[in-house]
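If you want the building blocks of each chain, they are given just below.
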Amino acid sequence: MTAYLVTACGAVFLSVVVSFIIPQGKLSKTINFVLRMVCVAILISPLAKIFTISDEEFDDMVDYDYICSVYSENQSAALEKFITEKYSAQSECEVDIAYGEDGFYADSVEVCLIGSYGNLCDEIYEYLEEADYINITVYETGV
């Protein structure tokens, strides 16, 4: 509280000193307006603390499991679409997204190629490995 009072008094004192120093004219009005706005902002700054949410309160309000499941579904669908467009292969993909200290990350990837495609499993595995996925599983149904 003492720091707030010292800051508020300093801002008011500075605006008074500047109003005596600056010359009269159009520039004087602009400078006085800016200094008054700074003083008002400093005086109402404690009110802004009422409306802030701490990180702990924010983490309690967020459902990371739901976000991970939606993110997983979207990533799985995107990977299926990519495999269909690039390799012309029908597949079922499951990208497992998790949340940790570093944020969201892909925990594992499973690609099931529907049919027999020869060496396509190896190509897809190499692509996923280059894309920095971990825990990669690629297999064919052979049907």
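This is a predicted model, so every value here is computed, not measured. (Residues numbered from 1 in each chain as written. Predicted model: local features only at pLDDT ≥ 70, side-chain atom pairs only at ≥ 80, totals over all residues. Heavy atoms only, no water.)

A few points about the overall build of the chain
Alright, step 1. Looking only at helices and strands, the chain has five helices and three strands in total.
Alright, step 2. On C-alpha atoms alone, the chain measures out to a radius of gyration of 30 Å, which is more than a quarter above the 15 Å that the 2.2 N^0.38 rule sets for 143 residues.
Alright, step 3. Expressed as a percentage of its 143 residues, the buried residues of the chain come to 23%.
Alright, step 4. Of the contacts formed within the chain by residues at least 6 apart in sequence, a portion of 50% connects residues at least 24 apart.
Alright, step 5. When the accessible area of the chain is evaluated, it comes to approximately 10600 Å², of which 58% is carbon and sulfur surface.
Alright, step 6. In the chain, which carries 6 positive and 24 negative side-chain charges, the distance between the mean positions of the two groups comes to 36 Å. (Helix = DSSP H or I, 4+ residues; strand = E, 2+ residues; numbered from the N terminus. Rg over C-alpha atoms; globule rule 2.2 N^0.38 Å. Buried < 20%, exposed > 50% of the residue type's maximum accessible area, 1.4 Å probe, protein only. Contact = heavy atoms within 4.5 Å. Areas by Shrake-Rupley, 256 points an atom, 1.4 Å probe, with all protein chains shown as cover. Lys, Arg positive; Asp, Glu negative; His and termini not counted. Charge placed at Lys NZ, Arg CZ, Asp CG, Glu CD.)

A closer look at the nonpolar core
For soluble globular proteins, nonpolar side chains are generally found buried alongside one another.
Alright, step 1. Core analysis: the biggest nonpolar cluster contains 16 residues, and Leu-79, Ile-83, Val-111, Leu-113, Ile-124, Leu-128 and Val-138 have the highest contact counts within it.
Alright, step 2. Going through the elements one at a time, helix H4 (64-87), strand S1 (91-100), strand S2 (103-113), helix H5 (120-130) and strand S3 (136-140) are the ones with two or more residues in this core.
Alright, step 3. In terms of residue count, H5 provides more of this core than any other element does, four residues in total.
Alright, step 4. Those residues within four positions of Leu-128 in sequence are excluded, and the remaining contacts are Leu-79, Val-109, Val-111, Tyr-133, Ile-136 and Val-138. (Core = buried A, V, L, I, M, F, W, Y, C linked by side-chain atoms within 4.5 Å.)

Describing the packing of aromatic side chains
Alright, step 1. For the structure on display, the rule yields six aromatic pairs.
Alright, step 2. Their ring planes at 85° and their centres at 6.3 Å tell us that Phe-82 and Tyr-87 sit as a pair that is edge-to-face.
Alright, step 3. Classification of Phe-82 as partly exposed rests on a relative accessible area of 25%.
Alright, step 4. Relative to Tyr-127, the ring of Phe-82 has its centre 4.7 Å away and its plane inclined at 25°; by these criteria the two rings are stacked. Placement of Phe-82 in helix H4 and of Tyr-127 in helix H5 is noted, with a sequence separation of 45 residues between them. (Phe/Tyr/Trp six-rings, centres within 6.5 Å; stacked < 30°, edge-to-face > 60°.)

Examining the pairing of S3
Alright, step 1. Bridge count for S2 against S3 is five bridges, and the pairing is parallel. Directly across from Val-111, in S3, lies its bridge partner Val-138.
Alright, step 2. Regarding the hand of the β-α-β motif, the stretch spanning S2, H5 and S3 is right-handed. (Pairing = 2+ DSSP bridges. Right-handed = clockwise from strand over helix to strand, strands pointing away.)

Description of the pairing of S1
Regular strands show a simple pattern: their side chains alternate between the two faces of the sheet.
Alright, step 1. With 10 bridges joining them, S1 and S2 adopt antiparallel strand pairing. Within S2, the position partnered with Ile-97 by the bridge is Ala-106.
Alright, step 2. Turn length for the S1-S2 hairpin, with the two strands adjacent in sequence and antiparallel, is two residues.

Topic: the state of the cysteines
Alright, step 1. Taken as a whole and judged by the stated rule, the model has zero disulfides.
Alright, step 2. Free of any disulfide, Cys-93 has its nearest neighbouring cysteine sulfur in Cys-112, separated by 8.7 Å.
Alright, step 3. Judged by its relative accessible area of 10%, Cys-93 is buried. (Disulfide = S-S within 2.5 Å.)

A closer look at helix H2 (residues 26-48)
Alright, step 1. For H2, which comprises 23 residues, the first-to-last C-alpha distance of 33 Å matches the rise-based estimate of 33 Å (1.5 Å per residue) to within 8%.
Alright, step 2. A bend of about 35° at Ile-42 is the largest found in H2, and the proline Pro-46 appears one to four places after it.
Alright, step 3. Taken together, the buried positions of H2 are Ser-28, Asn-32, Leu-35 and Cys-39. (Expected span 1.5 Å × (residues − 1). Bend = angle between axes of the 7 residues up to and from the residue.)

Focus on the sheet that holds S3
Working definition: the strands of a sheet are paired by backbone hydrogen bonds and lie parallel or antiparallel to each other.
Alright, step 1. Across the sheet, which stays open at both edges, the three strands sit in the order S1-S2-S3 with mixed pairing between neighbours. Sheet topology places S1 and S3 at the edges, where each strand pairs with a single neighbour. Adjacent strand axes in the sheet meet at a mean angle of 15°, parallel and antiparallel pairs treated alike.
Alright, step 2. Contacts between H4 and the sheet are confined to S1 and S2, with S1 contributing the most and set at about 145° to the helix. (Axes fitted to C-alpha atoms, helices over the stretch in contact; angles between N-to-C directions.)

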